[in-house]
Amino acid sequence: MDRRKKLLLFLGFMCTLKTCMPLCDNGMNKEGTRCVDVNECDETPGLCGSHAQCFNTIGSYYCQCQSGFLDINGNINFTAFDGQCKDENECNSDVEVCGRMADCINLIGSFRCICQFGYANTSSTRDCLDIDECEQAENRKEDICGSKGSCKNLDGSYSCKCAKGYTNYANERTPCSKVDCETFDASSVASQHYVGLADLLSTMRNSCMALSNPNTSHGNKADGDALLEILLTASETILSSVDVNTGEDLFGLLSTMENSIRLIGPQLRGNRTSMSSNETAVEIAVRKGRSPPTGPIHLRTENSALDTDWATATGTEAYPVSNPSTQNLSHPVILTLKHLQNKSEARYICAYWNDRGAWATDGCHQQTSNATHTVCGCAHLSSFAVLMAHYPVDQSFAIQLITKIGLILSLLCLSLCILTFKFCRSIHGTRTTIHLHLCICLFIADLIFLAGIFQTKSEGGCRFIAAMLHLFFLGVFAWMLLEGVQLYRMVVLVFNATIRPLYLFLFGYGAPLAIVTISAIIRPKGYGTEEHCWLSVKDGLIWSFYGPVCVIIFLNVFFFIVTVWKLGQKFSSLNPDLSKLNKLKAFTVTAIAQMCILGLMWIFGAFLFRKGSIVVEYIFTILNSLQGALVFIMHCLLCKQVREEYSNFFSWICASTQRHFDYSSANPSNSQSQGSRSGQNTGESHI
């Protein structure tokens with residue numbers, strides 16, 4: 001009985017345990033008394049990895065790759081523990097995936113089909129069909145073969161057939177352009193002068209004729225690289241066999257080279273071709289296509305470089321011919337040319353060879369220059385060079401000649417003025433003292449200028465010459481100002497118009513000396529330049545001369561106006577009966593003398609800072625170099641007292657000469673008569 005009770009109790013206990021703790025499989029969770037499936041895809045996002053999709057099942061899950069991806073193990077279904085998706089290269093797995101005449105490009109998870117040139121996908125199918133470019137161009141009214149070319153459609157392309165006299169340089173899809181084979185004339189004057197030029201012209205002419213003949217096969221046409229090599233070989237022969245110095249012949253040679261490059265360039269295989277020989281180096285850039293190229297161009301050889309852009313090089317004409325309108329470019333070309341000879345004292349000029357057979361500079365200007373290279377900017381294309389001049393080009397020979405002749409004449413006239421003002425006692429006074437020292441300063445300045453303005457070899461000597469010119473030219477202006485003041489005092493004050501000589505000397509020599517001393521202390525290197533022994537323009541020292549000059553000119557103009565006005569009042573009051581002719585004469589002489597002596601001619605010098613003022617430069621040079629002669633005319637020849645002194649002096653010289661001549665003439669006759677009488681007496685005695 002007890003055993004039965006114990007067994008029943010044990011069975012009841014075991015039944016209770018089974019009801020409270022049920023067992024569930026993997027992928028299942030206990031919910032109450034039931035086992036429920038676990039959704040692994042929701043509980044763990046990204047469980048299958050990239051480019052894969054997760055699918056839940058009862059008690060489990062599985063993964064599948066997205067379209068365009070494959071499992072690394074080749075399975076369709078997999079789990080995160082035994083698989084992974086990678087990109088499928090459709091272009092490799094199916095070579096016909098894009099159809100005919102198309103290129104397949106693999107993408108991540110996909111692919112793209114691109115039709116080859118001359119084909120397009122115009123339907124729902126994947127096949128690329130041929131484009132009829134000729135029909136399209138006709139519908140769009142485009143002239144893809146040029147005015148003298150006929151278009152023929154090909155499978156995937158088209159070709160242009162050119163009329164006679166036109167060519168597309170063996171590029172079938174290039175518009176036809178006109179070629180002028182007559183430019184290669186083997187009987188020209190230049191071909192007779194240069195050895196080998198006739199053969200070069202003949203070769204280029206044959207190539208040109210073959211290009212312009214539509215019946216010539218491509219096999220009989222020389223390619224561009226071979227023609228370029230022929231051109232360099234011919235130029236080597238020409239330049240080494242004769243001296244290139246005849247203008248007309250040189251123009252013919254340069255024209256041949258230019259026309260040959262125009263013919264050869266479109267036939268070159270590469271976009272950039274460089275070739276050189278002992279005498280010649282060439283670099284050619286070519287762009288081929290239906291549309292004109294854009295962007296910068298930089299060409300370089302050993303001795304030169306060119307910078308421009310494709311728009312300037314091609315112009316507006318039909319491609320591929322280079323710009324034929326080279327006389328007025330839309331943008332200037334920049335040329336860097338190496339100096340074949342390096343000389344520090346030389347000046348370099350940007351020039352080109354014109355059609356008149358001479359070097360010219362119009363349209364070209366120098367941008368920068370150093371000891372080895374010169375950079376030029378030119379608004380046209382031609383044959384360029386840097387010319388070396390052994391003298392300053394800015395100052396022409398005519399100006400130098402006028403300056404030297406004028407200064408020599410001025411020195412002679414100033415010598416006469418100094419002697420006149422020193423020894424002519426009848427005109428001694430304050431004005432004569434001013435005139436004397438003005439002439440002395442001008443004489444010394446002109447003499448130093450004539451002898452030392454170009455003595456730039458010695459730096460110290462050049463600085464001393466520049467300082468002396470600065471001092472004495474300022475002295476000239478200081479004495480001019482004193483003369484203006486004296487004229488003003490003579491007309492306005494009348495009485496007590498004299499100025500003490502000490503004050504004259506202090507201002508006439510002291511003021512210029514003070515300016516030169518201060519300038520030399522502040523900027524000693526400003527005295528002397530590479531071209532002249534004068535004040536430097538670069539550092540502004542030149543204004544230590546032009547500043548005082550401008551002030552003196554303005555003051556002298558003021559004194560001149562007041563003097564003329566006062567003179568007018570005095571003529572009308574003191575000489576009421578003076579005729580109009582005498583008034584006019586007095587005013588004219590006074591005005592000319594005042595204007596010349598006070599130095600208004602130097603106002604032209606202020607405009608010489610601007611380049612290209614040739615007329616102003618000539619006026620200033622003539623007036624300034626003849627200033628001594630003008631001083632002599634105004635103060636000596638036009639002065640009545642001085643003319644009287646000259647007359648008395650020459651009369652005295654003539655009288656002394658006449659008395660000496662009369663005395664010499666009288667002595668021989670007396671001797672002769674005395675001898676005759678002596679002879680007679682002797683004869684009588686002898687008898």
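These numbers were taken from a predicted model, which means no experiment stands behind them.

Caption draft 1: Fine view of unusual backbone geometry. For His51, which is not a glycine, the phi torsion comes out positive at approximately 60°. Looking at the secondary structure, you find His51 in the loop between helix H2 (40-43) and strand S3 (52-57). According to the relative accessible area criterion, His51 is partly exposed, its value standing at 34%. With a phi angle near 60°, Lys141 is a residue other than glycine that sits in the positive phi range. Relative to the elements of secondary structure, Lys141 occurs in the loop between helix H4 (133-139) and strand S11 (149-154).

Caption draft 2: Seen up close, the state of the cysteines. Summed over all chains, the structure comprises 14 disulfides. Disulfide pairing places Cys24 opposite Cys35 at an S-S distance of 1.6 Å. With the S-S bond torsion at -85°, the cross-link from Cys24 to Cys35 turns out left-handed. Within this pair, whereas Cys24 is found in the loop between helix H1 (2-20) and strand S1 (28-31), its partner Cys35 is found in strand S2 (residues 34-37), the two being separated by 11 residues in sequence. Taking the relative accessible area as the measure of exposure, Cys24 reaches 28% and is therefore partly exposed. Bridging Cys48 to Cys63, the disulfide has an S-S length of 1.8 Å. In this structure, the disulfide formed by Cys48 and Cys63 twists by about -75° around the S-S bond and is classed as left-handed. Taken together, the residues Cys48 in the loop between H2 and S3 and Cys63 in strand S4 (residues 60-65) connect sequence positions 15 residues apart. For Cys63, a relative accessible area of 0% gives the class buried. Free cysteine: Cys413, not disulfide-bonded; nearest cysteine sulfur from Cys417 at 6.8 Å.

Caption draft 3: Just the packing of helix H11 (residues 430-452) against helix H17 (residues 627-637), in detail. For the pair H11 and H17, the least separation of the axes is 11 Å and the interaxial angle reads 160°. Considered as vectors, H11 and H17 are oriented roughly antiparallel to each other. In this structure, the crossing between H11 and H17 has a hand that is left-handed. Here Arg431, His435, Leu438, Cys439 and Leu442 of H11 lie close against H17, whose contacting residues are Gln627, Gly628, Val631 and His635. Residue classes in the contact of H11 with H17 are distributed as 4 nonpolar, 4 polar and 1 charged.

Caption draft 4: Inspection of the nonpolar core at higher detail. Counting residues in each nonpolar core, the largest one holds 49 residues, and the members touching the most others are Trp534 and Phe545. Every element with two or more residues in this core is listed here: helix H10 (397-423), H11, helix H12 (459-492), helix H13 (501-522), helix H14 (543-574) and H17. Residue contributions to this core peak at 15 residues, all from H12. In this structure, Trp534 is in contact with Ile453, Ala466, Leu469, His470, Phe473, Gly526, Tyr527, Gly528, Thr529, Ile542 and Phe545, ignoring residues within four places of it in sequence. Ranked by size, the runner-up nonpolar core spans 28 residues in total, among them Tyr169, Leu232, Leu268 and Ile284.

The rules behind the values
Residues numbered from 1 in each chain as written. Predicted model: local features only at pLDDT ≥ 70, side-chain atom pairs only at ≥ 80, totals over all residues. Heavy atoms only, no water. Helix = DSSP H or I, 4+ residues; strand = E, 2+ residues; numbered from the N terminus. Buried < 20%, exposed > 50% of the residue type's maximum accessible area, 1.4 Å probe, protein only. Disulfide = S-S within 2.5 Å. Axes fitted to C-alpha atoms, helices over the stretch in contact; angles between N-to-C directions. Parallel < 35°, antiparallel > 145°, perpendicular 65-115°, else oblique. Left-handed = near helix turned anticlockwise from the far one by under 90°. Contact = heavy atoms within 4.5 Å. Nonpolar A, V, L, I, M, F, W, Y, C, P; charged D, E, K, R; others polar. Core = buried A, V, L, I, M, F, W, Y, C linked by side-chain atoms within 4.5 Å.

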